[in-house]
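Architecture and fold: a report
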Amino acid sequence: MAPPPKRGRGGGARGLEYISLDGLRVDGRLHTEVRKIRCSLGTLSRADGSAYYEQGNTRVLAAVYGPREPTGRDFEHDKAIVKCEFSTAMFASTARRRTWKGDRKSTAAAIVVQRLFEGVILLAEYPRCQIDIYVQVLQNDGGTLVAAVNAACLALINAGVAMSDYVVACSVGYVDNTFVADPNSLESGSDRPELTLAITPHSGKICSCQLVSKLADDASFESAMQYATAGAKQIFQVLEYEVKKYSLGLLDSRGMVAL
Amino acid sequence: MQFLSDAECEYIRNGAKDGIRSDGRAMLDIRPVTLETTVLPTASGSARVRIGKVTDILVGIKPEVAEPSQDFPDEGIISFTVECSSLASPDFVGRGGADLSAELGQLLTRLYTSPVTRELRRSLSIIKGKKCWILHIDALVLDSGGNLFGALSLAVRAALRVVILPRVIVIPGEADDDDEIEVDEEEFKMLERSRDAPIAVTLASQGDRGIYMADCTSEEESCATASITMGVSPLGKSCGAVSAGTGGIDLDTLSSMLKDAAQLGLEILDATDRFLKTDIDNRMSGAPIVPIGFFS
């Protein structure tokens, strides 16, 4: 009889070691560390607000049009309505897959983004208006929803839409019996639990919490939430820094501050 | 498309009569073009083209081994999909951009089925009648500010120039067996004859005889009475021309437009090829490439 295949400390189901003996993940991160984030505001010319957001190898662009006159028949007389569209480029993943704007996953993501921002935008400021949020995924290496939320937040700030707070999302994966913040496509799979959390960092409230698959018990749920909140706070620091840098740049260009 | 008032159109047309455009260009001047290659790690070849910081196109190429079509057994296949992202305009939401996407895809297909690209398509053949490369060229319109098709054709050509295909070894079959192929994932080659690939130049006529302009902004496009789009290949050949618009173009103007389009096309090709040569050389030699645009 052949001996069972040798495994490292935490050989995964696919025979892949997700966490090395040194406690480092496949891309060299610690389990609490989020991927490298880069972002910029005002990347597109025609949109009222836009942002480019990169989290590791996941890259998204978000655009905001509005507040503007409603294009469809539905509007609210005392507040604005928010519409969202989420689409993925065909070259976004290694395997070319024909995705289109209206498929189930895209629609689900769009609804999440829409609901989140309906909660933080001061809708009553813009009666009978429509605010459109469009998210385009250019590259997908896991965590596209997280990237979409963060990019949309930056684009709304760029558009000057009144919001009560930022919305920052972060996800947590579970590999080799360990929680990992911000899993990439290798670490997240349909067979493993993944928690995606969105918080408003100033008030510390949880706006959205999605759990795929299941966690063992309440205690592990609690700790997953802690990982996600900590990850979101890391991301928030980057976003806030970037927004301040952009705003100072604007003030500087008008000669209102000396940098 | 943008809607302009009559007064705005009048302003553009009167300016055109005197050879003046609102951004200070001469009639056949093009806006500054930003070209960046190999921007997507998930594609075998990719390029991003921006014209005047307004029009923004991202193109990715993914190759696949397939069977050639029965009509052209010794040629590979180049297939185009264009997607107009809602980022470019709220009009593209849902199925809104589908018509424009289909039109642009069809124009690209026409450009690449012309005889000037026959050698390029032949170089994609692996075993005649049995196996060939199919290049899935996916283009994404991120921002649109006029001359969409010109930018698109430029981005597609640049992506084709830098695309790399894995080396394929043909193993001759024994006796009655068919030949088999083995894809060598270690060694890559660039596409031969990708230099032949054409670009498109669009000239738009502004009502009066002999008045036409290159690289229109979206405002200029929406008040143009007619436009012609011509494919230009470095082989010095024009490959196909289409006209669009409600107005007509008289014969004298048309022939001078075609001449100018070919001339302009060759100038653009020359400039891009000079850039691409240094770009490819730099990448080959492993010199650090500084990304530009939002990828930087």
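Rules of the game
Residues numbered from 1 in each chain as written. Chains lettered and ligands numbered in written order. Predicted model: local features only at pLDDT ≥ 70, side-chain atom pairs only at ≥ 80, totals over all residues. Heavy atoms only, no water. UniProt positions renumbered as here; feature names shortened; annotations may be inferred. Helix = DSSP H or I, 4+ residues; strand = E, 2+ residues; numbered from the N terminus. Pairing = 2+ DSSP bridges. Axes fitted to C-alpha atoms, helices over the stretch in contact; angles between N-to-C directions. Contact = heavy atoms within 4.5 Å. Expected span 1.5 Å × (residues − 1). Buried < 20%, exposed > 50% of the residue type's maximum accessible area, 1.4 Å probe, protein only.

For chain B, an unreviewed UniProt entry supplies the name Ribosomal RNA-processing protein 42 and the organism Gracilariopsis chorda. Note on chain B: under the UniProt heading Sequence similarities (unreviewed entry), the record states "Belongs to the RNase PH family."

Chain A goes by Exosome complex component RRP41 in an unreviewed UniProt entry, where it is assigned to Gracilariopsis chorda. Check the Sequence similarities (unreviewed entry) section of the UniProt entry for chain A; it says "Belongs to the RNase PH family."

Points about the UniProt feature "domain: Exoribonuclease phosphorolytic" (unreviewed entry) in chain A
All names here are of chain A. Summarizing the sequence annotation, UniProt attributes the feature "domain: Exoribonuclease phosphorolytic" (unreviewed entry) to residues 33-161 and 165-230 in the numbering used throughout. In residues 33-161, the share of helix is 26% and the share of strand is 32%. The end C-alpha atoms are 31 Å apart. A distance of 18 Å separates the end C-alpha atoms of residues 165-230, which is 20% helix and 41% strand.

Quick look at the sheet that holds strand β1 (residues 37-41) of chain A
Residue and element names in this part refer to chain A. Strand order in the open sheet formed by five strands is β1-β2-β3-β5-β4, and the pairing between neighbours is mixed. Pairing within the sheet leaves two strands with one partner each, and these edge strands are β1 and β4 (81-88). Between one strand and the next, the sheet's axes are offset by a mean angle of 15°, whatever the strand orientation. Here eight bridges tie strand β3 (residues 58-68) to strand β5 (residues 130-139), and the two strands are oriented antiparallel to one another. Of the residues in β5, the one forming a bridge with Arg 59 is Gln 139. Along the sheet face, helix α3 (residues 218-253) touches β1 and β2 (49-55) and points at about 30° away from the line of β1.

Description of helix α6 (residues 251-284) of chain B
Residue and element names in this part refer to chain B. Here α6 contains 34 residues, and its C-alpha end-to-end distance of 48 Å stays within 8% of the 50 Å for a straight helix at 1.5 Å per residue. Turning to α6, its buried residues number three or more, namely Thr 253, Met 257, Ala 261, Leu 264, Gly 265, Ile 268, Leu 269, Thr 272, Asp 273, Leu 276, Asp 279 and Ile 280. Two residues or fewer after α6 comes Gly 286, characterised by a positive phi angle close to 75°.

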